[in-house]
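# Coordinate analysis (summary)
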Amino acid sequence: QKEVEQDPGPLSVPEGAIVSLNCTYSNSAFQYFMWYRQYSRKGPELLMYTYSSGNKEDGRFTAQVDKSSKYISLFIRDSQPSDSATYLCAMTDTGGFKTIFGAGTRLFVKA
Amino acid sequence: NAGVTQTPKFRILKIGQSMTLQCTQDMNHNYMYWYRQDPGMGLKLIYYSVGAGITDKGEVPNGYNVSRSTTEDFPLRLELAAPSQTSVYFCASTSDPNNSPLHFGNGTRLTVT
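In this text the structure is predicted, and so the values were computed from the model without any measurement. Within each chain, residues carry numbers counting from 1 in the order of the written sequence. Ligands are numbered from 1 and chains lettered from A, in the order in which they are written. Two thresholds apply to this predicted model, a pLDDT of at least 70 for residue-level local features and 80 or more for giving and counting side-chain atom pairs, whereas whole-chain, interface and lining totals are computed over all residues. The side-chain numbers reported here are obtained from all heavy atoms of the structure, hydrogens and water having been left aside.

## A word on the state of the cysteines
Residues and elements named next belong to chain B. Counting rule for disulfides: a pair of cysteine sulfur atoms within 2.5 Å. Taken as a whole and judged by the stated rule, the model has two disulfides over all chains. Disulfide pairing is shown between C23 and C91; the S-S distance is 1.9 Å. Taking the sign of the S-S torsion, -70° for the link of C23 and C91, the bridge is left-handed. Remark: C91 occurs in strand 9 (residues 87–94) and C23 occurs in strand 3 (residues 19–25); sequence separation between them is 68 residues. We note that C23, like C91, is buried. Each helix is a run of DSSP H or I of at least 4 residues and each strand a run of E of at least 2, with the numbering of both proceeding from the N terminus. Accessible area is worked out with a 1.4 Å probe on protein chains only. A residue is then buried under 20% of its type maximum, exposed over 50%, and partly exposed in between.

## Topic: the pattern of salt bridges
Residues and elements named next belong to chain A. The working definition used for a salt bridge is a side-chain nitrogen of Lys or Arg within 4 Å of a carboxyl oxygen of Asp or Glu. Under the definition given, this model contains five salt bridges over all chains. Of the charged contacts, one joins E45 and R37 as a salt bridge, the two residues approaching to 3.6 Å between their closest N and O atoms. E45 sits in the partly exposed class, given a relative accessible area of 36%. The partner of R77 in a salt bridge is E57, with the nearest N and O atoms 3.4 Å apart.

## Some details on the side chain of S49 of chain B
Residue and element names in this part refer to chain B. With respect to the secondary-structure elements, S49 resides in strand 5 (residues 43–51). By relative accessible area, which is 0% here, S49 ends up buried. As used in this structure description, the phrase polar contact means that two N or O atoms lie within 3.5 Å; if the pair is within protein, one of them must be able to donate a hydrogen and the other to accept it, and residues adjacent in sequence are counted only when both atoms belong to side chains. Only 2.9 Å separates the side chain of S49 from the backbone oxygen of G51, close enough to count as a polar contact. A distance of 2.6 Å separates the side chain of S49 from the backbone oxygen of I54, its partner in a polar contact. Residue contacts follow a heavy-atom distance rule, with two residues in contact if any of their heavy atoms lie within 4.5 Å. Contacts of S49, omitting those with residues within four sequence positions, involve N30, Y31, M32, I54, T55, R68 and F74.

## Here's the deal with the sheet that holds strand 7 (residues 61–66) of chain A
Residues and elements named next belong to chain A. A pair of strands is labelled paired if DSSP reports no fewer than 2 bridges between them. Taken in spatial order, the five strands make up an open sheet running 1-3-8-7-6, and their pairing is antiparallel. At either end of the open sheet lies a strand with only one pairing partner, and these are strand 1 (4–6) and strand 6 (54–58). Averaged over all adjacent pairs, the angle separating strand axes in this sheet is 15°, with direction ignored. Where strand 6 and strand 7 come together, five bridges link them in antiparallel fashion. Pairing of D58 across the sheet is with F61, part of strand 7. Think of each axis as a best-fit line through the C-alpha atoms, taken over the contacting stretch in the case of a helix, with angles from 0 to 180 degrees between the N-to-C directions.

Dropping the structure here:
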């Protein structure tokens with residue numbers, strides 16, 4: 001079993017839709033959870049991060065962590081064509097040095 | 001601030017050749033990482049370093065070597081290139097992996113034929 005599971009998609013939605021992206025994980029020691037966005041031929045860039053359980057909102061983006069279910073989500077409201085990218089979940093355990101990534105979900109937002 | 005800089009951007013190697021992928025960061029980060037990214041597979045950790053002179057293996061270290069003689073530089077060496085090493089390689093750094101995000105370079109696209 002992979003430590004982090006993420007559906008690679010692709011996911012295609014119309015402009016203005018609400019997008020839900022998800023990851024599950026197996027290591028209960030993970031405490032620091034991140035979402036990265038990666039445009040084609042670029043390096044990943046941090047979009048959102050949360051520490052332990054709970055929600056975090058930043059503009060059109062909301063990140064949720066449910067540690068009891070080992071499940072994290074990223075919601076994008078009022079999606080735009082510029083949101084078309086690959087979204088990678090990532091997580092690190094407390095005291096650890098390594099960040100583990102999911103496979104990434106390719107998102108296409110159609111105008 | 002340049003952030004994390006990787007060179008070259010592209011490279012084609014023949015089987016058995018060797019090369020060094022360069023990575024440098026100007027943020028004074030102690031932690032540096034090399035990942036490879038294959039289609040649909042996410043990022044796999046090759047090697048990482050927690051400071052100058054200290055390196056350790058990640059998930060997929062076979063066929064690679066690293067060194068960390070300075071805080072700024074973390075080169076990745078391929079000694080005998082194989083087709084399985086065709087990938088996009090990303091270098092990243094952070095000040096603290098437990099509460100600060102990774103900063104990535106823009107990658108090196110390597111093809112081994």
